[in-house]
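Structural characterization, general
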Amino acid sequence: AVTLSNHFVAYTEDLPEAHALRRNALFYSAYCHMYQGYQYDAAISLYRRLLQSTESHDHNWIAASYVGIGFAYERKEEFPKSLQWLVRARTSPGYFLIDQAMRDEIDTA
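Quick summary incoming for the structure in this document. Predicted model, so just to flag it, every value in this text is computed and none were measured.

The next point concerns the nonpolar core. Membership of the largest hydrophobic core comes to 28 residues, with the highest contact counts inside it found for F27, M34, Y47, V67, F71 and I106. Sorting the residues of this core by element identifies α2 (20–35), α3 (40–53), α4 (59–75) and α5 (79–90) as the ones contributing at least two each. Here this core takes ten residues from α4, the largest share from any one element. Residues contacting I106, with those up to four places away along its chain left out, are V67, F71, L86 and Y95.

See the structure below:
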């Protein structure tokens, strides 16, 4: 899955930064790196790229990126950084758009 997601990101490199397909590719590639490849630094890098390509009004992408970065740091056992990003997610305007199960996990962190 990680290899396929890398190809998807490469395929979308020629698209504008804010293109929805490119943002989807970055998000799902980061997700695959974290949960299937256990490559947390790569996931953090991809989530940060997603943040850079996201416009300020795209609250759902911003919140999802904050959560992804927070969970990646948690898996790396860098708990202060994890908490910083999860608090950022919790206070972001797009927080209510995140899945309820994920919000419950964040609220107990």
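Next comes the rest of the account.
Another aspect to go through is the pattern of salt bridges. Throughout the structure, instances matching the rule amount to six salt bridges. The salt bridge involving K81 is made with E78; its shortest N-O contact spans 3.4 Å. The exposure class of K81 is partly exposed, given its relative accessible area of 40%. Residue E78 is classed as partly exposed on the basis of its relative accessible area, which comes to 25%. One network of salt bridges, in which partners are shared, links D41, K76, E78 and K81.

Right, let's talk about α3 for a bit. A turn of α-helix holds 3.6 residues, and therefore any two residues three or four places apart point the same way. Relative to the 20 Å expected for 14 residues at 1.5 Å per residue, α3 spans 20 Å between its end C-alpha atoms, a close match to the ideal helical length. Taken together, the buried positions of α3 are occupied by Y40, A43, I44, L46, Y47, L50 and S53. Tucked into the core, α3 has its buried residues touching α2 and α4.

Here the focus is the packing of aromatic side chains. Under the defined criterion, the tally for this structure stands at five aromatic pairs. Between F27 and Y47, the aromatic rings sit 6.0 Å apart at their centres with planes inclined by 65°, giving edge-to-face as the arrangement. One end of the pair, F27, is in helix α2; the other, Y47, is in helix α3, with 20 residues separating them in the sequence. In this pair, the class of F27 matches that of Y47, namely buried.

Although it is not a glycine, Y38 sits at a positive phi angle of roughly 55°. Accessibility expressed as a relative area gives 54% for Y38, which makes it exposed. Even without being glycine, E77 reaches a positive phi, approximately 60°.

The residue S53 is located in helix α3 in this model. At a separation of 3.1 Å, a polar atom in the side chain of S53 contacts the main-chain carbonyl oxygen of L50. When neighbours within four sequence positions are excluded, S53 is seen to be in contact with E17, A18, R23 and L26.

With 17 residues, α4 ought to run about 24 Å at 1.5 Å a step, and its terminal C-alpha atoms sit 24 Å apart, in line with that. By the criterion of burial, α4 is predominantly enclosed, with 13 of the 17 residues buried. Positive backbone phi, approximately 60°, marks E77, located one or two places after α4.

Thresholds, definitions, all that
- Residues numbered from 1 in each chain as written.
- Predicted model: local features only at pLDDT ≥ 70, side-chain atom pairs only at ≥ 80, totals over all residues.
- Heavy atoms only, no water.
- Core = buried A, V, L, I, M, F, W, Y, C linked by side-chain atoms within 4.5 Å.
- Buried < 20%, exposed > 50% of the residue type's maximum accessible area, 1.4 Å probe, protein only.
- Helix = DSSP H or I, 4+ residues; strand = E, 2+ residues; numbered from the N terminus.
- Contact = heavy atoms within 4.5 Å.
- Salt bridge = Lys/Arg side-chain N within 4 Å of Asp/Glu carboxyl O.
- Expected span 1.5 Å × (residues − 1).
- Phe/Tyr/Trp six-rings, centres within 6.5 Å; stacked < 30°, edge-to-face > 60°.
- Polar contact = N/O pair within 3.5 Å; in protein donor to acceptor, adjacent residues only side chain to side chain.

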